[in-house]
Every structure is written in structure tokens, then in C-alpha cells.
Amino acid sequence: MEQWKQSVLTGVILILLALAFSFARGEMSIWMVLVIILGIVDMAFGFYRKSKE
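Below, the structure is looked at part by part. The model shown is predicted, which means the values in this text are computed figures rather than measured ones.

A look at the environment of Trp4
Tracing the backbone shows Trp4 in helix H1 (residues 3-25). A relative accessible area of 13% places Trp4 in the buried class. In this structure the C-alpha to C-alpha distance between Trp4 and Leu16, which are twelve residues apart in sequence, comes to 19 Å. Filtering out sequence-adjacent residues up to four positions away, Trp4 remains in contact with Gly46, Phe47, Arg49, Lys50 and Glu53. One polar contact links Trp4 to Glu2, side chain to side chain, over a distance of 2.8 Å.

Encoded structure:
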């Protein structure tokens, strides 16, 4: 799998896991927000790498 696809996939999985844990706990903690931000940044870098190819 190409590197940019792995970054995008990892970002999506991080966001989905953070949302799932937040819904399971019934609250959105600062750690879950940070994981979502990390997922968004990872996806952005993946799309940036794709545009550079």
C-alpha cells in the first residue's frame, strides 16, 4: 500500500476510534479531541504526499 494511503487510513481509524470511545463513555474528553486532531493532521499529510507525487 502506498504511504499516502496508509496515512489517510490511519487518520480515519484514529478519528473513528476516538468517536467510538467518546460515545461509549458519554463524554468528550480532551484526550479524545487530541486524538481526533491527530487523525486530521495525519490525513492532511497523506493528501499532501499524494499531491507531491
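Comments concerning the packing of H1 against helix H2 (residues 30-52)
The packing of two helices is summarised by the inter-axis angle and the distance between the axes. Running from N to C, H1 and H2 point in directions that differ by 165°, and their axes come no closer than 7 Å. By the criterion of interaxial angle, the relationship of H1 to H2 is roughly antiparallel. The interaxial crossing formed by H1 with H2 has left-handed handedness. When grouped by side-chain class, the residues that make up the contact of H1 with H2 number 15 nonpolar, seven polar and three charged.

Parameters and conventions
- Residues numbered from 1 in each chain as written.
- Predicted model: local features only at pLDDT ≥ 70, side-chain atom pairs only at ≥ 80, totals over all residues.
- Heavy atoms only, no water.
- Helix = DSSP H or I, 4+ residues; strand = E, 2+ residues; numbered from the N terminus.
- Buried < 20%, exposed > 50% of the residue type's maximum accessible area, 1.4 Å probe, protein only.
- Contact = heavy atoms within 4.5 Å.
- Polar contact = N/O pair within 3.5 Å; in protein donor to acceptor, adjacent residues only side chain to side chain.
- Axes fitted to C-alpha atoms, helices over the stretch in contact; angles between N-to-C directions.
- Parallel < 35°, antiparallel > 145°, perpendicular 65-115°, else oblique.
- Left-handed = near helix turned anticlockwise from the far one by under 90°.
- Nonpolar A, V, L, I, M, F, W, Y, C, P; charged D, E, K, R; others polar.

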